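An overview of the molecular structure
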Amino acid sequence: MEVRIFKNDLEIGEAAGKIICDFVNSKPDCVLGFATGASPVPTYNYITEQYNSGKVSFKNVTTFNLDEYCDLPRDHKNSYWTFMFENLFSRVDVDPAKVNFLDGNADEKAESARYAEAIKSKGGIDIQILGIGRNGHIAFNEPSDKFTDEAWRVTLTQSTIDANSIYFDDIPIPHYAMTMGIGSIMRSKKIILIATGASKAEAVKEMINGPVTPGCPASILQQHADTVILLDEAAASLL
Ligand code: GLP
């Protein structure tokens, strides 16, 4: 794990965005894994600026997103599909036909197999962006007693429901989600994890300095060969 500490989220967005844009320029048909949540938004803004300045194109890039709520139509304003189109995909030249998402309303086993095969058929994910939950979750892999492998249907914990329910004003937040498993995430060739703010400090400490345990799913990243952790000072305050 390489840990880098920045003054603020804009600097993190620039650092992560540069890694991604440089990589896309070196491999225009690469495979990128994207995350939702507030943490990667400055990165998506930086990428959009680079695209608007003509410095990068995503037209041949294939994308896979980490997770999606169950029991929510894909075009609902709170779906992760909508999030990604609003925050990135509709702002750059990503080809919607090359965008891949888990379907939170599909049969769990069939959907898991479909996603695994789709990722494999593209040669795997070159760079996966991650955030981290306050309880150490990555994607929607909540703390548990075992590490998962391929995509699965998860029951969200109260901590995650509390953290994410601020985004739901018209309907209750779903209590289930389909998420890439820990194995699928770990097979990404490079991982960039972004964490900002004091509310992530404890999870960041456990991820980096704690034991590798499914009780803190992000701790598995200690065993990944090419992971960079980008933190602001508040998120790094307990290191
Ligand atoms: C959700 C997402 C995660 C994300 C986490 C943190 O639970 N499923 O992928 O990392 O929220 O979100 P935020 O960056 O808004 O703190």
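This text goes with the structure placed above it.
Because the structure is predicted, anything quoted here is derived from the model rather than measured. (Residues numbered from 1 in each chain as written. Predicted model: local features only at pLDDT ≥ 70, side-chain atom pairs only at ≥ 80, totals over all residues. Heavy atoms only, no water.)

Topic: the overall build of the protein chain
- On a plain count of helices and strands, the protein chain comes out with seven helices and ten strands.
- For 239 residues, the compact-globule estimate of 2.2 N^0.38 gives 18 Å, and the protein chain sits close to it at 16 Å.
- Burial status across the protein chain gives 55% buried among its 239 residues.
- Across the protein chain, contacts joining residues at least 24 apart in sequence account for 79% of those joining residues at least 6 apart.
- Accessible surface, the protein chain as shown: approximately 10300 Å² in total, 50% of it carbon and sulfur.
- Once the 22 positive and 32 negative side-chain charges of the protein chain are each reduced to a mean point, those two points are 5 Å apart. (Helix = DSSP H or I, 4+ residues; strand = E, 2+ residues; numbered from the N terminus. Rg over C-alpha atoms; globule rule 2.2 N^0.38 Å. Buried < 20%, exposed > 50% of the residue type's maximum accessible area, 1.4 Å probe, protein only. Contact = heavy atoms within 4.5 Å. Areas by Shrake-Rupley, 256 points an atom, 1.4 Å probe, with all protein chains shown as cover. Lys, Arg positive; Asp, Glu negative; His and termini not counted. Charge placed at Lys NZ, Arg CZ, Asp CG, Glu CD.)

A few points about the site of the ligand
- In the vicinity of the ligand, 13 residues are found, and the nearest of them are A38, S39, D67, H137 and K200.
- At a separation of 2.8 Å, a nitrogen atom of the ligand approaches a polar side-chain atom of D67.
- The side chain of K200 places a nitrogen or oxygen atom 2.6 Å from an oxygen atom of the ligand.
- About the coverage of the ligand: the protein hides 92% of its 390 Å² of free accessible area.
- For the shell around the ligand, the residue count by class is five nonpolar, six polar and two charged. (Near = heavy atom within 4 Å. Polar contact = N/O pair within 3.5 Å; in protein donor to acceptor, adjacent residues only side chain to side chain. Nonpolar A, V, L, I, M, F, W, Y, C, P; charged D, E, K, R; others polar.)

Remarks on helix 7 (residues 201-209)
- For helix 7, the set of buried residues is A201, A203, V204, M207 and I208. Down the axis of helix 7, the sector holding all buried residues measures 160°, keeping them to one side.
- Where the residues of helix 7 are buried, they touch strand 1 (2-6), strand 9 (190-195) and strand 10 (227-232). (Arc of directions from axis to C-beta.)

Focus on the packing of aromatic side chains
- As enumerated under the stated definition, the model contains ten aromatic pairs in all.
- An angle of 70° between the planes, with centres 5.7 Å apart, marks the rings of F34 and F89 as edge-to-face. Within this pair, whereas F34 is found in strand 2 (residues 31-34), its partner F89 is found in helix 3 (residues 80-89), the two being separated by 55 residues in sequence. Of the two residues examined, F34 and F89, each falls in the buried class.
- Ring geometry for W81 against F85: centres 4.8 Å apart, planes inclined by 35°, an arrangement best described as tilted. (Phe/Tyr/Trp six-rings, centres within 6.5 Å; stacked < 30°, edge-to-face > 60°.)

Here we look at the sheet that holds strand 8 (residues 176-179)
- Within the open sheet, the three strands sit side by side as 4-8-7. Their pairing is antiparallel. Edge positions in the sheet fall to strand 4 (67-69) and strand 7 (152-155), since each of these pairs with one other strand and no more. For this sheet, the mean angle separating the axes of adjacent strands, direction not counted, is 30°.
- Bridge analysis of strand 7 against strand 8 gives four bridges, and the strand direction is antiparallel. By the bridge assignment, V154 is partnered in strand 8 with A177. (Pairing = 2+ DSSP bridges. Axes fitted to C-alpha atoms, helices over the stretch in contact; angles between N-to-C directions.)

Remarks on the pattern of salt bridges
- The final tally for this structure, using the stated rule, is eleven salt bridges.
- Here D95 makes a salt bridge to K98, at a shortest N to O gap of 3.5 Å.
- Between E150 and R187 there is a salt bridge, with the nearest N and O atoms lying 2.9 Å from each other. Of this pair, E150 sits in the loop between strand 6 (127-130) and strand 7 while R187 sits in the loop between helix 6 (182-186) and strand 9; the two residues are 37 residues apart in sequence, bridging distant segments of the chain.
- Each of the salt bridges in this network shares a partner with another, and the network as a whole consists of K27, D126 and K189. (Salt bridge = Lys/Arg side-chain N within 4 Å of Asp/Glu carboxyl O.)

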